[in-house]
There are 2 protein chains.
Amino acid sequence: MTERLVVIGGDAAGMSAASQARRRRSEDDLEIVAFERGRHTSYSACGIPYWIGGAVTGPEDLIARTADEHRARGIDLRLGTEVTEVDTERGRVRSRDPYGQEEWVSYDHLVFGTGAVPLRPPLPGIDAPGVHGVQTLDDAEAALAALDRGEVRRAVVVGGGYIGVEMAEAMLRHGLEVTLVDRNLEPMNTLDPDMGRLVRGELEGLGVRVASGAPVREVLTGRDGRVRAVSTDDDEYPADIVVLGLGVRPATDLARAAGLPLGASGGLLTDRAMRVRGAERLWAGGDCVEVLNLVSGAEQHVPLGTHANKHGRIIGTNIGGGYETFPGVVGTAVSKVCEVEIARTGLKESQARAAGLQFVTAVIESTSRAGYYPDSAPMTVKMTAERVTGRLLGVQIVGREGAAKRVDIGAVALTAGMTVDQMIDLDLGYAPPFSPVWDPVLVAARKVADAVAADLRKG
Amino acid sequence: MTERLVVIGGDAAGMSAASQARRRRSEDDLEIVAFERGRHTSYSACGIPYWIGGAVTGPEDLIARTADEHRARGIDLRLGTEVTEVDTERGRVRSRDPYGQEEWVSYDHLVFGTGAVPLRPPLPGIDAPGVHGVQTLDDAEAALAALDRGEVRRAVVVGGGYIGVEMAEAMLRHGLEVTLVDRNLEPMNTLDPDMGRLVRGELEGLGVRVASGAPVREVLTGRDGRVRAVSTDDDEYPADIVVLGLGVRPATDLARAAGLPLGASGGLLTDRAMRVRGAERLWAGGDCVEVLNLVSGAEQHVPLGTHANKHGRIIGTNIGGGYETFPGVVGTAVSKVCEVEIARTGLKESQARAAGLQFVTAVIESTSRAGYYPDSAPMTVKMTAERVTGRLLGVQIVGREGAAKRVDIGAVALTAGMTVDQMIDLDLGYAPPFSPVWDPVLVAARKVADAVAADLRKG
């Protein structure tokens, strides 16, 4: 008997699940229906800042697989169609198509790939013309249209996280005066403040004004109703365009209404196989779930395309009769703003504290290549290790070319549960164009290992 | 009572040992005498191809610490002074200074940091003017003088390993016609032949003629006695300059004469603490020792500055009253020729076979960045995993910018003894400028994991 898989959300997690299930099960065996309320499928949201900045031409380039391609592979993809209710008792979802037509569709397997919604605090003026989110392809198109109008000289980016700094780069590329407004004391709140301070310095070096330490209070508009400035408790920042990069929250209203288990940050909770916890035929992945952080041992919301793709593939494999599980994350993230590279993995200090972990840290400065090699660039590495055991807890890097992906060394070491002592003599690639004879990560490992030892001697 | 540390060899291993011991023990407690038969100390041999190629100005840039700097830190450094005999019975070495003056110097600790000697097969014409080694700063100066003479149009590089391809780049930078002669069927014999073939293609794309599959038979000279060509069984290759990049062997004549334990490749054998095996007051590190390969479980000669520095520091720490050991290597090496990056870690197929390991492999093609991001460059990754267990055995990468240092992911995974299944969902840094949403290493891990599973099904 033919089973039916219903997918809610036509992006990375949902469509990866659909594709992988289709690869394993024929159309006679498994019917696949995917609902996407937007106009596009499988696009790279991570690429949007680069489209807006002009490094990438869009939107075609950002679409990994079009609706037609999915359909050609035997997936009944329904664009512009929203799922408005999930009835887990009777195993069916209610959909509403672009013409308002409603339909109940029953499922044998249901995948939540509902993604995340951008945070948009209910501030005065937040919906004024000239205020732009950067989550969807439509958002990007709107922002580009505003920029192309040509009367735009000053940009205020609200939010100093990854999206914020990437959008600061995009605005710089349009030749705008850029102010980055962030409520935290330093930008890049996913790093410790001392590393965030380095990012601030780099941003300022690029000509970005960094206004941090106070949240946005209001978006001020002119007589024409368009945005004219952003105000905080500290000051007022003139703006012809405002870009919101405040992060996202899991889009789990449907799941909540269906009484499914949600975590502290509102994401769906799953088991190792990416089944909704305690539910038999329900699966969830991507930006709408919480994932296990292997370092803290706690669940966390980590909206990243790379995880969404992994989740989707795992779900599709399991629905397809295979067996695969998601081990969890270690909190790796990389980003750049112009030539400045920013990376982190593991726990920052406040996260370690929240997990009940005690730690020592070390910060070192080194270079991306042998000091004598051309274009050798400075790099700062911060490493955190657990007291007593010396287990690696986190790595943060700010530098130039060659800095960000070095964090992968830390990501693998965290996954393997290595101590910093075990990292000191790691056999990392060395040649003058690629590294000093002591890779910066090794220098940091040595210094934090010394700190672990010194701490032990203190008792 | 003051002890005396005698160091033979003033380069990375020896001088790191001396410096580290000095940091831990005062001059009253430990006298340090270091013998170096050349004119320089602590220079980066790895930087020589870049000096010859003009990317780096030398030789000052390549000298990490000058003789005077060592002396200022309380090390009695004797340049131009060779140790001609080691008398382990009476704990003394015989030295000969630049004036032929001989002296016996007794030691409480002796460090062998004698390095390696370049291979130079006894071929007809090998000593003709115009044939250049590239091991020492003096070698580099001689080669540069020859190149500056300006009558040089055609270069033949003998040897297609790291030094060979790096020297091919250096010769290209001088605007020469370059032929790379290598006895193996494909260049980069530290890779498997299928990956070496990619390197050949890249070299040819850069305009290098690759003449492989036959060893050099003779260096032919003209009437003036200078080199005019290199011949193999296959052909004759005209040359105005010949560069030898045939690799090195451990410089262990002194150790051999003293009856110390040597391994299959002629390197000194040490214990974990870098003591000469079975000897109490003797230590050895750097290019003159063999190291444990953690993947094969066998000893191997791996002449790399990064290991030499680690060995030296460990020896110095242990002589200084601390405790540190060298865990071994996993065989990581990175190199580049112009924009082409080449990397390997773990075992190549023939090494795995020699270690008694059975394996499956996978080769994938991916890109350095998201496909839509500017300057995204192709990258080929080969991964090898043990049959049945799925343990990672090796990674090889050929690509462009961002390819080489990705091998560090494999290096850490090998050190941790991970299986390729454990690597599939590694939380590696992802953002469009740094990686496709599936990092190439993850794609390779997945493919080889599938191969392990398929092999298991076959039984």
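Since the model is a prediction, treat every value here as computed from it, not as a measurement.

Please give an account of the pairing of strand β13 (residues 216-221) of chain A that cites residues and values.
Residues and elements named next belong to chain A. With five bridges connecting them, β13 and strand β14 (residues 227-232) associate as antiparallel partners. The residue of β14 that forms the bridge with Val219 is Val230. As consecutive antiparallel partners, β13 and β14 are separated by five residues, and within that stretch Gly225 has a phi angle of approximately 85 degrees, a positive value.

Describe the nonpolar core, and please don't skip the residues or the numbers.
One finds A:Met383, A:Val420, A:Met423, B:Met383, B:Val420 and B:Met423 to be the most contacted residues of the largest nonpolar core, which totals 84 residues. Apart from residues no more than four positions distant in its own chain, B:Met383 is found in contact with B:Val360, B:Thr361, B:Ala362, B:Leu392, B:Gly394, B:Val395, B:Val420, B:Met423, B:Val441, B:Ala444, B:Ala445 and B:Val448. In terms of nonpolar packing, the next biggest core, distinct from the first, is built from 47 residues, A:Val157, A:Leu180, A:Val337 and B:Ala370 among them.

Residues and numbers for the packing of helix α1 (residues 12-24) of chain B against helix α8 (residues 305-319) of chain B, please.
Residues and elements named next belong to chain B. For the pair α1 and α8, the least separation of the axes is 7 Å and the interaxial angle reads 35 degrees. Crossing handedness for the pair α1 and α8: right-handed. For the pair α1 and α8, the contacting residues are Ala12, Ala13, Ser16, Ala17, Gln20, Ala21 and Arg24 in the first and Ala308, Asn309, Gly312, Arg313, Ile315, Gly316, Thr317 and Ile319 in the second. Counted by class, the contact of α1 with α8 contains seven nonpolar, six polar and two charged residues.

For the sheet that holds strand β23 (residues 359-367) of chain A, give the residues involved together with the corresponding values.
All names here are of chain A. Across the sheet, which stays open at both edges, the five strands sit in the order β21-β22-β25-β24-β23 with antiparallel pairing between neighbours. Strands at the two margins of the open sheet, each flanked by one partner only, are β21 (333-337) and β23. The mean angle between the axes of side-by-side strands here comes to 10 degrees, regardless of whether they run parallel or antiparallel. The sheet contact formed by strand β24 (residues 378-386) and strand β25 (residues 392-399) spans seven bridges and is antiparallel. Each residue of the ladder has a partner; that of Met379, found in β25, is Gly399.

Go over helix α6 (residues 193-205) of chain B with me, naming the residues and quoting the values.
All names here are of chain B. Compared with an ideal rise of 1.5 Å per residue, which puts 13 residues at 18 Å, α6 spans 18 Å between its outermost C-alpha atoms and is within 8% of the ideal. All of the buried residues in α6 are Met195, Gly196, Val199, Arg200 and Leu203. Projection of α6 onto a plane perpendicular to its axis shows the buried side chains occupying an angular sector of 155 degrees, all on one side. Phi for Gly207, located one or two positions after α6, is positive at around 95 degrees.

Account for the packing of aromatic side chains, with residues named and values stated.
Throughout the structure, instances matching the rule amount to two aromatic pairs over all chains. With a centroid separation of 5.1 Å and 85 degrees between ring planes, the pair formed by A:Tyr50 and B:Tyr373 is classed as edge-to-face. Here B:Tyr373 lies in the loop between β23 (359-367) and β24 (378-386) and A:Tyr50 lies in helix α2 (residues 48-53), a pairing that spans two chains. Summarising the burial analysis for this pair, A:Tyr50 and B:Tyr373 share the class buried. Here the basic side chain of A:Arg92 rests over the ring of A:Trp104, its NZ or CZ set 3.8 Å away from the ring centre.

So what about the domain arrangement of chain A? Which residues, and what values?
Residue and element names in this part refer to chain A. As far as domains go, chain A holds domain 1 (3-117 + 249-319), domain 2 (131-246) and domain 3 (333-454). Taking only C-alpha atoms into account, the centre of domain 1 sits 35 Å from that of domain 3. On the side of domain 3, nine residues touch domain 1, which itself brings five residues to the contact. Here domain 1 packs against domain 3, burying approximately 550 Å² in sum over the two surfaces, 64% of which is carbon and sulfur. Broken down residue by residue, the surface that domain 1 buries against domain 3 is led by Tyr50, Val295 and Ser296, which jointly contribute 69%. Taken together, domain 1 and domain 3 are joined by zero residue pairs in polar contact (both at pLDDT 80 or more).

Please provide a residue-by-residue account of the UniProt feature "domain: FAD/NAD(P)-binding" (unreviewed entry) in chain A, values included.
The sites that carry the UniProt feature "domain: FAD/NAD(P)-binding" (unreviewed entry) are, in the present numbering, residues 4-300 of chain A. The annotated region residues 4-300 of chain A carries 23% helix and 29% strand content, and the separation between its end C-alpha atoms amounts to 31 Å.

Mind laying out the UniProt feature "domain: Pyridine nucleotide-disulphide oxidoreductase dimerisation" (unreviewed entry) in chain A, listing which residues take part and the relevant values?
With numbering matched to this structure, UniProt assigns "domain: Pyridine nucleotide-disulphide oxidoreductase dimerisation" (unreviewed entry) to residues 335-437 of chain A. Between the C-alpha atoms that bound residues 335-437 of chain A there is a distance of 26 Å. The span itself is 18% helix and 35% strand.

Provide a residue-level description of the relation of the copies chain B and chain A, including the pertinent values.
When chain B is brought onto chain A, the operation consists of a screw motion whose angular component is 180 degrees and whose axial shift is 0.0 Å, with 0.0 Å RMSD remaining. Look at the turn and shift together and you get a two-fold axis relating the two.

I'd love a proper account of the pattern of salt bridges, names of residues and values included.
Residue and element names in this part refer to chain A. Within this structure, the stated rule accounts for 84 salt bridges over all chains. Between Glu401 and Arg369 there is a salt bridge; the shortest N-O distance is 3.1 Å. Residue Glu401 is located in the loop between β25 and α10 (407-415), and its partner Arg369 is located in the loop between β23 and β24; the two are separated by 32 residues in the primary sequence. Residue class for Arg369 comes out buried when judged on its relative accessible area of 13%. One connected set of salt bridges, linked through shared partners, spans Asp192, Asp194, Glu349, Arg353 and Lys382.

Give me the side chain of B:Asn309: which residues, what numbers.
Inspection of the secondary structure puts B:Asn309 in helix α8. The buried category is assigned to B:Asn309, whose relative accessible area is 14%. Once you skip the residues sitting within four places of it in the chain, B:Asn309 turns out to touch A:Val437, A:Trp438, B:Ala12 and B:Ser16.

Now, about the interface of chain B and chain A: what can you tell me, with residues and values included?
Across the contact, 59 residues belong to chain B and 59 residues belong to chain A. Counting the surface lost from both chain B and chain A, the interface buries some 5,000 Å², and carbon and sulfur atoms represent 64% of this. In terms of surface lost to chain A, no three residues of chain B exceed B:Tyr372, B:Asp427 and B:Phe434, which account for 16% of the buried area on that side. For the pair chain B and chain A, the number of links is 24 residue pairs in polar contact (both at pLDDT 80 or more). Those elements that provide at least two residues to the side of chain B that touches chain A are α8, β21 (333-337), α10 (407-415) and α12 (440-458) of chain B. The greatest single-element share of the side of chain B that touches chain A, amounting to seven residues, is contributed by α8(B). Residue composition of the side of chain B that touches chain A, by class: 32 nonpolar, 13 polar and 14 charged.

Give a detailed account of the environment of A:Met423, specifying residues and quantitative values.
Residue and element names in this part refer to chain A. Position of Met423 among the secondary structure elements: in helix α11 (residues 420-423). Residues Met423 and Val156, 267 residues apart in the sequence, show an inter-C-alpha distance of 42 Å. Ignoring sequence-local partners within four residues, the contact set of Met423 consists of Met383, Leu392, Ala413, Met418, Val441, Leu442 and Ala445.

Analysis parameters
- Residues numbered from 1 in each chain as written.
- Chains lettered and ligands numbered in written order.
- Predicted model: local features only at pLDDT ≥ 70, side-chain atom pairs only at ≥ 80, totals over all residues.
- Heavy atoms only, no water.
- Pairing = 2+ DSSP bridges.
- Helix = DSSP H or I, 4+ residues; strand = E, 2+ residues; numbered from the N terminus.
- Core = buried A, V, L, I, M, F, W, Y, C linked by side-chain atoms within 4.5 Å.
- Buried < 20%, exposed > 50% of the residue type's maximum accessible area, 1.4 Å probe, protein only.
- Contact = heavy atoms within 4.5 Å.
- Axes fitted to C-alpha atoms, helices over the stretch in contact; angles between N-to-C directions.
- Left-handed = near helix turned anticlockwise from the far one by under 90°.
- Nonpolar A, V, L, I, M, F, W, Y, C, P; charged D, E, K, R; others polar.
- Expected span 1.5 Å × (residues − 1).
- Arc of directions from axis to C-beta.
- Phe/Tyr/Trp six-rings, centres within 6.5 Å; stacked < 30°, edge-to-face > 60°.
- Lys NZ or Arg CZ within 6 Å of the ring centre and 35° of its normal.
- Domains from an automatic or database assignment.
- Buried area = accessible area lost by both parts, 1.4 Å probe.
- Polar contact = N/O pair within 3.5 Å; in protein donor to acceptor, adjacent residues only side chain to side chain.
- UniProt positions renumbered as here; feature names shortened; annotations may be inferred.
- Least-squares fit on C-alpha atoms with pLDDT ≥ 70 in both.
- Salt bridge = Lys/Arg side-chain N within 4 Å of Asp/Glu carboxyl O.

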